[in-house]
Amino acid sequence: MTNRLANETSPYLLQHAHNPVDWFPWGEEAFARARSEDRPVFLSIGYSACHWCHVMERESFENEEIAAILNERFVSIKVDREERPDIDSIYMEAVQLMTGHGGWPMSMFLTPAAVPFYGGTYFPPDDSRGMPGFKRVLIQLSDAYHERRQEVTDAGSEILSSLNGALRTPPSEHAVSGDALIAVAAKIAAGYDPVNGGFGGAPKFPPSMTLEFLAQIASSNADIGLREIVTTTLNKMARGGIYDQVGGGFHRYSVDARWLAPHFEKMLYDNALLARLYTHAWQWTKDPFYAGIANEILGFVSREMTSPEGAFYSTLDADSEGEEGRFYVWSRAEILEVLGAEEGRIFAALYDATEQGNWERKNILNVPREPRAVADDFGITLEVLMEIGARGKCKLYGRREERVRPGRDEKVLSGWNGWMLCAFAEAALAFDSESHRQAVRRNADFLIGTMLDGTRLYRSFKGGDRRISGLLEDYAGVAWGLIGAFEATQERRYLDTARLLAGEIISRFSDDERGGFFDTPVDHEKLITRPRDTFDNATPSGTSMAIDVLLKLALYFGDAGLQRVAAKAIDAYWPVAQRYPSGFGFFLSAANWSVSSPKELALTGDPADSGFQQLLRAAGSAYLPHRVLVTGSDSDLPLMEGRAGEAVVAYVCSGYACLEPTADP
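Residues numbered from 1 in each chain as written. Predicted model: local features only at pLDDT ≥ 70, side-chain atom pairs only at ≥ 80, totals over all residues. Heavy atoms only, no water.

**Student:** Which parts of the structure should I look at to understand the side chain of Thr121?
**Tutor:** Structurally, Thr121 can be placed in the loop between strand S5 (116–120) and helix H6 (134–147). Once residues within four sequence positions are removed from consideration, Thr121 is found in contact with Met56, His101, Gly102, Gly103, Pro105, Met106 and Ser107. (Helix = DSSP H or I, 4+ residues; strand = E, 2+ residues; numbered from the N terminus. Contact = heavy atoms within 4.5 Å.)

Laid out in structure tokens, this is it:
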């Protein structure tokens, strides 16, 4: 027996299609039922790779007694936060106001007008570990709704007022400047963990956007302290258990402070931001370790997260066979069996695999010791050790493929695809990789051909069905990715489509009164408030990415109007970013662009010429976080004005001044 979710395409919603709960998808049908029957709404928000979402489903939503209470007393709505971040952001703000924290599964209780009056996250089915049981919560809230309606109404009004107030930021007293950004970087650095890398204690999330910003400040100011923060954190994460040492790619976060034990889900957006970060780290330091990690991440995405059409899937689950992490962990005995006794012993020493295990009597592979020290222990060279490690990983990957794989959420989200498209594009240039360029072309063509209909962008695609009008995150993310695709391939249609999307961002999402952007378009369905996310959390905010897109396109097309819109948005968000810089990593990088002197690189001549290719490789491999790149095939762009010709040369301009053209890489 199924419920209404059986007609959805979201894997997360489909996971609940056989629950005894009479679920509705988000929409007018559910709220009309609540109004007509005068029942409160139970809103449950989660996502397919969320471990505790699965736990609450097993404990409560598959529980016939709890389902009966929900069906009798509530109208129940299930939302995939990855499909509908607009809904998620509103009610996440509400639950944080109510409880001081948030997370998923999110459990919200609304009036039939969609106004929240009570909320939380995970509830056990019965009273447990100091938490109220879900059955008791449901009965008490249903009784309160019918017997103490004024209290419920007042609580909802207070939350709604707070939500609307939270969207307003005070005017800026001081403009963004290079010195102010250095001060902000120092404020972030004060929270650094010098032992384990990263910031703060457990749990630890990869601070990819913050590290990008700190690397920019460090490179422009030769700040050795910031460089140490960035490189140590990158090394600790990539050698930790949060990184899949066998198959590549990062898990969502570490439950401990030293990056050992991850929450095992893998998200496309984390790996997009981290692949780009490690590519930049290689450009900056030329340490081949960082190049290896960047390419391993992209290899993992190509193998395990890419559709036949070239689109990128959303997530891999944390669980397999009902156990979190089972797919990824090893016993020492199995390692010795697969690799043989001699190489198995060496591999186990390198990757911290012991008889007793380092996590629930199993081993999460990680590299806690310097490889050279391990090589010395066995009397072998570092090169031999690394060869054994590489062979061992290949063999273990083959053995792991025989296991039951974690579930994969195969919906395609436009914004997330744009982020990964940019990661592949930047790696294609940095490493001069034709396979990465092919991934760029296939994904960019999919986004333009499938997700874009004229000027309207869709957010979600699965099984041939595209759904949900694009949000700011999507328009800005796809535009960002297409700019990268243009630089990697020099196919002009990608840049022109990015400019088209930028026009839609301004016309459909701009907040003309305060500056910046709303997360939903002007013609979006009416929600209880129009969300306007200010923070770069697990992902960049749509506003931060829109600012970055507009600044780049302003240079490409010589469009001062785009520059002005971006500057107004920066001014709107700068005051709160100064106060809470750790929540504004991507925004701070965009703000840094606005006060820096971006490099304008123009290459002329035949792209097939070996000299041209040498110049392109030099441009791609350099650490230039603020730069645009065009070639002689785009002579109508302002950066190529008067420069078209047959000679293979590079023009380098910055700060309204140009150097002599050169043919020397």
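**Student:** What is the right way to look at the pairing of strand S3 (residues 75–80) in this model?
**Tutor:** The side chains of a regular strand alternate between both faces of the sheet. Buried residues dominate S3, accounting for 6 of its 6 residues. In S3, alternate side chains face the same way, and those of Val75, Ile77 and Val79 on one face and Ser76, Lys78 and Asp80 on the other are all buried. Examined bridge by bridge, strand S1 (residues 23–25) and S3 share 3 bridges and lie parallel to one another. Each residue of the ladder has a partner; that of Phe24, found in S3, is Ile77. (Buried < 20%, exposed > 50% of the residue type's maximum accessible area, 1.4 Å probe, protein only. Pairing = 2+ DSSP bridges.)

**Student:** Which parts of the structure should I look at to understand the side chain of Asp548?
**Tutor:** In this structure, Asp548 sits in helix H21 (residues 542–557). Contact partners of Asp548, with chain neighbours within four places excluded, come to Trp480, Phe586 and Ala590.

**Student:** Is there a simple way to think about helix H20 (residues 492–509) in this case?
**Tutor:** Over its 18 residues, H20 extends 25 Å from the first C-alpha to the last, a length consistent with the 26 Å expected when each residue adds 1.5 Å. Along H20, the residues classified as buried are Arg492, Tyr494, Leu495, Thr497, Ala498, Leu501, Ala502, Glu504, Ile505, Arg508 and Phe509. Contacts from the buried residues of H20 go to helix H18 (434–451), strand S14 (452–453), helix H19 (472–489) and H21. (Expected span 1.5 Å × (residues − 1).)

**Student:** Teacher, can you tell me more about helix H17 (residues 414–431) here?
**Tutor:** Residue pairs spaced three or four apart in an α-helix point in one direction, given the helix's 3.6 residues per turn. Taking 1.5 Å as the rise per residue, H17 with 18 residues should run 26 Å; its terminal C-alpha atoms sit 25 Å apart, in good agreement. A large share of H17 lies buried, amounting to 18 of its 18 residues.

**Student:** So what exactly am I meant to see when it comes to the state of the cysteines here?
**Tutor:** A disulfide bridge is the covalent bond that connects two cysteines by way of their sulfur atoms. Summed over all chains, the structure comprises 2 disulfides. Across the disulfide from Cys653 sits Cys658; the S-S distance is 2.0 Å. Here the S-S torsion is close to 100 degrees, and the disulfide linking Cys653 with Cys658 is therefore right-handed. When its relative accessible area of 3% is taken as the criterion, Cys653 is described as buried. On the basis of relative accessible area, Cys658 is assigned to the partly exposed category, the value being 47%. Taken in sequence order, the bonded cysteines of the chain link in the pattern 1-2, 3-4. (Disulfide = S-S within 2.5 Å.)

**Student:** Sorry, what's going on with the packing of aromatic side chains here?
**Tutor:** The relation between two aromatic rings is expressed through the spacing of the ring centres and the mutual angle of the planes. Considering all chains together, one arrives at 36 aromatic pairs under this definition. Between the aromatic rings of Phe327 and Tyr328, the centroid separation amounts to 5.1 Å while the plane-to-plane angle is 90 degrees, which identifies the pairing as edge-to-face. Accessibility classification places Phe327 together with Tyr328 in one group, the buried group. With 6.2 Å between their ring centres and 55 degrees between their planes, Tyr573 and Phe587 make a pair best called tilted. On the criterion of sequence distance, the pair formed by Tyr573 in helix H22 (residues 560–579) and Phe587 in helix H23 (residues 585–595) is long-range, its members being 14 residues apart. Ring-pair connections join several aromatic residues into one group, and the members of that group are Trp23, Phe42, Phe61, Phe74, Phe109, Tyr118, Phe123 and Phe134. When the ring centre of Tyr47 is taken as reference, the NZ or CZ atom of Arg81 above it lies at 5.5 Å. Its end group placed over the ring of Trp104, Arg81 keeps NZ or CZ at 3.9 Å from the ring centre. (Phe/Tyr/Trp six-rings, centres within 6.5 Å; stacked < 30°, edge-to-face > 60°. Lys NZ or Arg CZ within 6 Å of the ring centre and 35° of its normal.)

**Student:** Mind showing me how you'd approach the sheet that holds strand S17 (residues 599–604) here?
**Tutor:** Across the sheet, 4 strands lie side by side as S18-S17-S19-S20; this open sheet has mixed pairing. Each edge of the sheet is formed by a strand with only one pairing partner; in this case those strands are strand S18 (627–631) and strand S20 (657–658). Where strand S19 (residues 649–654) meets S20, 2 bridges bridge the pair, whose relative direction is antiparallel. Following the sheet pairing, Ser654 is matched in S20 by Ala657.

**Student:** Quick question: what am I supposed to make of the pattern of salt bridges here?
**Tutor:** Think of it this way: side chains of opposite charge can pair up when their charged atoms draw near. Applying the stated criterion to the full structure yields 60 salt bridges. Arg84 is paired through a salt bridge with Glu525; the nearest N and O atoms lie 2.8 Å apart. With Arg84 in the loop between S3 and helix H5 (85–99) and Glu525 in the loop between H20 and H21, this pair connects stretches of sequence that are 441 residues apart. Here Arg84 falls in the buried class, since its relative accessible area comes to 11%. By relative accessible area, Glu525 is classed as partly exposed at 37%. Note that Arg403 and Glu334 form a salt bridge whose closest N and O atoms lie 3.0 Å from each other. Of this pair, Arg403 sits in the loop between helix H16 (382–400) and strand S12 (408–409) while Glu334 sits in helix H13 (residues 332–339), placing them 69 residues apart in sequence. When sorted by exposure, Arg403 lands in the same class as Glu334, which is buried. (Salt bridge = Lys/Arg side-chain N within 4 Å of Asp/Glu carboxyl O.)

**Student:** Sorry if this is basic, but what is going on with the pairing of S19 here?
**Tutor:** Pairing analysis gives 5 bridges linking S17 to S19, with the strands arranged antiparallel. Considered in S19, the bridge of Leu603 is made with Ala650.

**Student:** I tried to follow the packing of helix H10 (residues 224–239) against helix H12 (residues 288–304) on my own but got confused; where do I start?
**Tutor:** Relative placement of two packed helices is described by the angle separating their axes and the distance separating the axes. Direction vectors running N to C along H10 and H12 enclose 50 degrees, while the axes themselves pass 11 Å from each other. Judged by the angle between their axes, H10 and H12 are oblique. The two elements H10 and H12 meet at a crossing, and its hand is left-handed. Mapping the contact onto sequence places Thr231, Leu234, Asn235, Ala238 and Arg239 in H10 and Phe289, Tyr290 and Ile293 in H12. Residues belonging to the contact of H10 with H12 are distributed by class as follows: 5 nonpolar, 2 polar and 1 charged. (Axes fitted to C-alpha atoms, helices over the stretch in contact; angles between N-to-C directions. Parallel < 35°, antiparallel > 145°, perpendicular 65-115°, else oblique. Left-handed = near helix turned anticlockwise from the far one by under 90°. Nonpolar A, V, L, I, M, F, W, Y, C, P; charged D, E, K, R; others polar.)

**Student:** Can you help me understand the environment of Met237 in this one?
**Tutor:** In this fold, Met237 is placed in helix H10. A C-alpha to C-alpha distance of 29 Å links Met237 and Ala479, two positions 242 residues apart in sequence.

**Student:** Quick question: what am I supposed to make of the environment of Glu29 here?
**Tutor:** Position of Glu29 among the secondary structure elements: in helix H2 (residues 28–37). Note on Glu29: relative accessible area 51%, which makes it exposed. Aside from chain neighbours lying at most four places away, what touches Glu29 is Arg4 and Phe24.

**Student:** How do you make sense of the sheet that holds strand S9 (residues 315–316) when you look at a structure like this?
**Tutor:** In any sheet, the strands associate via hydrogen bonds between backbone groups, in a parallel or an antiparallel arrangement. The strand order S8-S9-S12 describes an open sheet built from 3 strands, whose pairing is antiparallel. In this open sheet, the two strands that pair with only one neighbour each are strand S8 (266–267) and S12. When S9 meets S12, the two strands line up antiparallel, connected through 2 bridges. Directly across from Leu316, in S12, lies its bridge partner Arg408.

Taken by themselves, the reported measurements are silent on function.
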